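Commentary on secondary and tertiary structure
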Amino acid sequence: MKQLVAILGATGSIGQSTLRILEQHPEIYQLYAVSGYQHIAELIDICLQFSPKIVALPQAKQQEFLQLAQQKKLTPVPELVFDEAGLIEIASATEVNVVMAAIVGAAGLQPTLAAIRAGKRVLLANKEALVMSGDIMLAEAKQHHALLLPVDSEHNAIFQCLPEQYFDYRQADKTPQLGVAQILLTASGGPFLNFTQEQLDCVTPVQACKHPNWSMGRKISVDSATLMNKGLELIEACHLFSISEHFVTVVIHPQSIIHSMVQYIDGSTLAQMGNPDMCTPIAHALAWPKRISTHVQALNLFDIQQLDFYPPDIERFPALTLARQAMRTGGTAPAILNAANEVAVAAFLTDQISFMDITRIVADTLDKTTIALAHDLQGILQADQIARQTAKQWITQYGVQ
Ligand code: NAD
Ligand code: MG
């Protein structure tokens with residue numbers, strides 16, 4: 001029996017990489033449903049190639065979709081479902097076995113949770129959803145027997161380096177188990193790794209979106225440049241691996257060959273390595289515990305020759321400290337951090353604020369927003385909304401309109 005796959009965010013960078021893997025393994029996987037948000041022509045191209053049964057898109061894009069479908073002779077036209085309800089429908093459809101959660105930002109939270117509640121194999125790329133909901137998402141996964149597999153390359157690497165039984169031994173006190181001493185979370189350092197403070201003050205969105213090693217969506221590219229991506233990943237790791245932030249060390253590794261490491265109490269350090277291509281972690285998460293082939297070239301260590309490692313500069317990149325503090329504070333703090341960051345990154349990408357303003361806004365929003373316990377999703381969504389308003393006020397006051 002083929003595995004039926006739904007891709008939330010099929011038109012994005014992770015969505016496209018996922019399609020590339022599905023294309024290589026038509027005997028195992030069949031695309032059942034996809035979602036898109038803005039790039040309707042690309043959504044049609046996906047439909048022409050993979051013939052999914054259902055497509056989720058914004059209601060406002062329905063006409064554009066139908067017109068393009070006619071122009072490009074798409075037959076049969078797939079069933080269309082709309083907005084968040086549509087995303088939830090495809091994420092939890094009975095037919096679907098595997099859900100790739102690859103929407104960017106908080107917009108992916110409810111659909112990802114819907115896939116988890118429906119007990120699917122959920123491939124998690126949408127780190128913001130986990131950063132916001134934390135323990136709630138993991139508790140739902142446990143309750144509904146969903147298999148939550150990390151796609152983020154670092155977390156996928158850590159997953160590969162942890163003992164197989166690790167997940168049966170998660171401790172409430174968040175200490176590492178089974179001889180694990182700590183996690184080494186690697187970071188490329190982004191495009192501005194060696195920029196001075198003065199240079200950082202005037203970098204542009206175009207520069208920020210040019211990552212040296214990875215090709216990614218615009219939001220995560222900016223996050224990589226501020227190191228907020230690593231901050232979000234720190235929080236993601238704490239939740240996924242039930243580990244306190246004391247046991248997660250960030251290591252700058254500019255070549256992005258080692259995707260992260262696990263250190264053990266006997267002096268061993270296990271690393272997962274590979275060329276920087278998201279198709280590897282996606283294929284891993286799709287097939288685990290099996291392995292499937294990808295087009296990604298095996299490493300040639302003789303070509304690489306050298307791997308470098310540095311501690312991060314938390315003065316020039318305050319995002320890491322903000323994220324660590326938010327994780328330590330707990331409750332709604334990570335959701336507030338994430339919401340302020342999403343608003344700030346969008347404002348940076350539209351030239352309303354400077355690069356360094358992004359972390360200023362996140363710090364200011366965390367300062368001004370009341371942090372509560374994160375008992376339920378409603379409290380988290382409320383904190384998200386308040387933080388967005390606070391961040392927007394900062395932009396209205398100090399940004400360029
Ligand atoms: P992207 O911007 O290329 O794609 C985002 C997708 O989400 C698109 O399909 C878009 O249509 C959809 N989308 C955007 N806003 C939406 C909304 N409001 N409602 C519904 N759909 C919406 O982003 P990406 O680089 O593919 O990243 C996707 C997620 O994966 C992010 O959470 C990112 O942090 C994570 N991730 C990406 C990479 C990478 O290499 N690109 C690596 C690790 C993790
Ligand atoms: Mg990553």
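For every chain, the first residue of its written sequence is number 1, and the numbers climb from 1 along that sequence. Following the order in which they are written, the chains are lettered starting with A and the ligands numbered starting with 1. Only residues with pLDDT of at least 70 get local features here, since the model is predicted, and only at 80 or more are side-chain atom pairs given and counted; chain-wide, interface and lining totals rely on the full set of residues. With hydrogens and water set aside, each side-chain value is computed from the structure's full complement of heavy atoms.

Side note on the UniProt feature "domain: 1-deoxy-D-xylulose 5-phosphate reductoisomerase N-terminal" (unreviewed entry) in the protein chain
Note the cut-off: UniProt positions are given in the numbering used here, feature names are shortened, and annotations may be inferred rather than shown by experiment. For helices the rule is a DSSP run of H or I covering at least 4 residues; for strands it is a run of E covering at least 2, with both sets numbered from the N terminus onward.
Per the UniProt annotation, the sites labelled "domain: 1-deoxy-D-xylulose 5-phosphate reductoisomerase N-terminal" (unreviewed entry) are residues 5–134. With 45% helix and 21% strand, the stretch residues 5–134 has end C-alpha atoms that lie 25 Å from each other.

A look at the site of ligand 1
Here is the rule we go by: Near is defined per residue: the residue qualifies when any heavy atom it owns lies within 4 Å of the molecule or strand. Polar contacts here mean pairs of N or O atoms no more than 3.5 Å apart (in protein, one a potential hydrogen donor and the other a potential acceptor; neighbouring residues in sequence count only if both atoms are side-chain atoms). Accessible surface is estimated by sampling points in the Shrake-Rupley manner with a 1.4 Å probe; for residues, cover comes only from the protein chains shown. All residues other than Ala, Val, Leu, Ile, Met, Phe, Trp, Tyr, Cys, Pro, Asp, Glu, Lys and Arg, Gly among them, are scored as polar; the first ten of these are nonpolar and the last four charged.
Taken together, 20 residues sit near ligand 1, with Thr 11, Ser 13, Ile 14, Glu 128 and Gly 217 positioned nearest. In the environment of ligand 1, an oxygen atom lies 3.1 Å from a nitrogen or oxygen atom belonging to the backbone of Gly 12. When ligand 1 sits alone it has 820 Å² of accessible area, and the protein chains cover 87% of it. Broken down by secondary-structure element, the contributors of at least two residues to the shell around ligand 1 are α1 (13–24) and α6 (127–133). For the shell around ligand 1, a count of residues per class yields eleven nonpolar, six polar and three charged.

Some details on the sheet that holds strand β6 (residues 121–124)
Formally: By definition, two strands form a pair when at least two bridges between them are found by DSSP. Simply put, an axis is a line fit to the C-alpha atoms, just over the touching stretch for a helix, and the angle between two N-to-C directions goes from 0 to 180 degrees. Note on definitions: a residue-residue contact is assigned when non-hydrogen atoms from the two residues lie within 4.5 Å.
The seven strands are arranged β4-β3-β2-β1-β5-β6-β7 in an open sheet whose pairing can be described as parallel. Here the strands that pair on one side only, and so sit at the sheet edges, are β4 (79–82) and β7 (147–150). Ignoring strand direction, the axes of neighbouring strands in this sheet form an average angle of 25°. As defined by bridge partners, strand β2 (residues 29–35) adjoins strand β3 (residues 54–57) across three bridges and the pair is classed as parallel. Paired with Ala 33 across the two strands is Ile 54, which belongs to β3. Sitting on the sheet, α1 is in contact with β1 (3–8), β2 and β5 (98–101), with an inclination near 160° to β1. Along the sheet face, helix α3 (residues 62–71) touches β3 and β4 and points at about 160° away from the line of β4.

Structural notes on the nonpolar core
Selection rule: Nonpolar cores were defined as sets of buried Ala, Val, Leu, Ile, Met, Phe, Trp, Tyr and Cys residues, with membership established by side-chain atoms within 4.5 Å. Exposure is judged per residue with a 1.4 Å probe applied to protein chains only, and the accessible area is read against the type maximum: over 50% gives exposed, under 20% gives buried, and values in between give partly exposed.
Ranked by size, the top nonpolar core spans 139 residues in total, and within it Ile 7, Phe 65, Met 100, Phe 241, Leu 337, Ile 353 and Phe 355 carry the most contacts. With twelve residues, helix α16 (residues 333–349) is the largest single contributor of residues to this core.

Some thoughts on the coordination of the magnesium ion (ligand 2)
The condition is simple: A 2.8 Å cut-off from the metal defines N, O and S donors, relaxed to 3.2 Å for Na, K and Ca; water is not in the atom list, so some sites may appear incomplete.
Distances from the magnesium ion (ligand 2) to its protein donors, Asp 152 (OD), Glu 154 (OE) and Glu 233 (OE), fall at 2.1 to 2.2 Å. Here Asp 152 falls in the buried class, since its relative accessible area comes to 6%.

Examining the sheet that holds strand β10 (residues 258–264)
On the basis of which strands lie adjacent, the open sheet formed by four strands has the order β9-β8-β10-β11 and mixed pairing. Whereas interior strands pair on both sides, the edge strands pair on one side only; in this sheet they are β9 (248–252) and β11 (269–273). Strand after strand, the sheet turns through a mean of 20° between neighbouring axes, direction not considered. Note: β10 against β11, five bridges, orientation antiparallel. Each bridged residue has a counterpart across the sheet, and for Ser 260 the counterpart in β11 is Gln 272.

Details of the pairing of strand β8 (residues 180–187)
Burial analysis of β8 places seven of its eight residues in the buried class, the great majority of the element. Two elements, β8 and β10, share four bridges in a ladder whose sense is antiparallel. Each residue of the ladder has a partner; that of Gln 182, found in β10, is Gln 263. Of the pairings in the sheet, the one linking β8 to β9 comprises five bridges and is parallel in character. Residue pairing in the sheet places Thr 186 in a bridge with Val 251 of β9.

Regarding the packing of α16 against helix α18 (residues 377–398)
Using the following cut-off: Throughout this description, any angle smaller than 35 degrees is read as roughly parallel, any larger than 145 degrees as roughly antiparallel, any in the 65 to 115 degree range as roughly perpendicular, and the remainder as oblique. Left-handed describes a crossing whose near helix is turned anticlockwise from the far helix by less than a right angle; the clockwise case is right-handed.
Remark: α16 packs on α18, axes separated minimally by 8 Å, with the N-to-C direction vectors making an angle of 40°. Considering their axes alone, α16 and α18 lie oblique with respect to each other. The handedness of the crossing between α16 and α18 is right-handed. On α18, the residues that touch Ala 335, Ile 336, Ala 339, Ala 340, Glu 342, Val 343 and Ala 347 of α16 are Ile 380, Ala 383, Asp 384, Ala 387, Arg 388, Ala 391, Lys 392 and Ile 395.

Here's the deal with the packing of aromatic side chains
Rule in force here: Any two rings among Phe, Tyr and Trp, with Trp reduced to its six-membered ring, count as a pair given centres within 6.5 Å; such a pair is stacked if its planes are under 30 degrees apart, edge-to-face if over 60, and tilted if neither.
Summed over the entire model, instances satisfying the criterion amount to eight aromatic pairs. Note on Phe 348 and Phe 355: the rings are 5.7 Å apart at their centroids and 65° apart in plane angle, and the pair reads as edge-to-face. Taken as a pair, Phe 348 and Phe 355 share a single burial class, namely buried. Chaining the aromatic ring pairs together yields one cluster made of Phe 159, Tyr 166, Phe 167, Phe 241 and Trp 288.

Quick notes on empty space enclosed by the protein
The condition that has to hold: Any residue with an atom within 4 Å of a point lines the site, the site being either a cavity, points on a 1 Å grid over the protein atoms alone where a 1.4 Å probe fits but cannot get out, or a pocket, an open set with protein on both sides within 12 Å along at least 5 of 7 lines. Grid points are joined across faces, edges and corners, and a volume is the space filled by probe spheres set on the points.
The full count for this structure, using the stated rule, is one cavity of 30 Å³ or more. One number sums up the size of the largest cavity: a volume of about 40 Å³. Around the largest cavity, the lining residues are Thr 226, Arg 316, Phe 317, Pro 318, Phe 355, Met 356 and Thr 359. In terms of residues, the lining of the largest cavity owes the most to one element, helix α17 (residues 355–368), which gives three residues. Residues that form the lining of the largest cavity fall into these classes: four nonpolar, two polar and one charged.

Things to note about the layout of surface pockets
Taken as a whole, the second largest pocket spans an internal volume of roughly 920 Å³. For the second largest pocket, the lining is made up of 28 residues, of which Leu 147, Leu 148, Phe 167, Asp 168 and Arg 170 are closest to its centre. Looking at the lining of the second largest pocket, the elements with two or more residues in it are α7 (135–143), β7 and α8 (153–161). With five residues, α7 is the largest single contributor of residues to the lining of the second largest pocket. In terms of residue class, the lining of the second largest pocket is made up of 16 nonpolar, four polar and eight charged.

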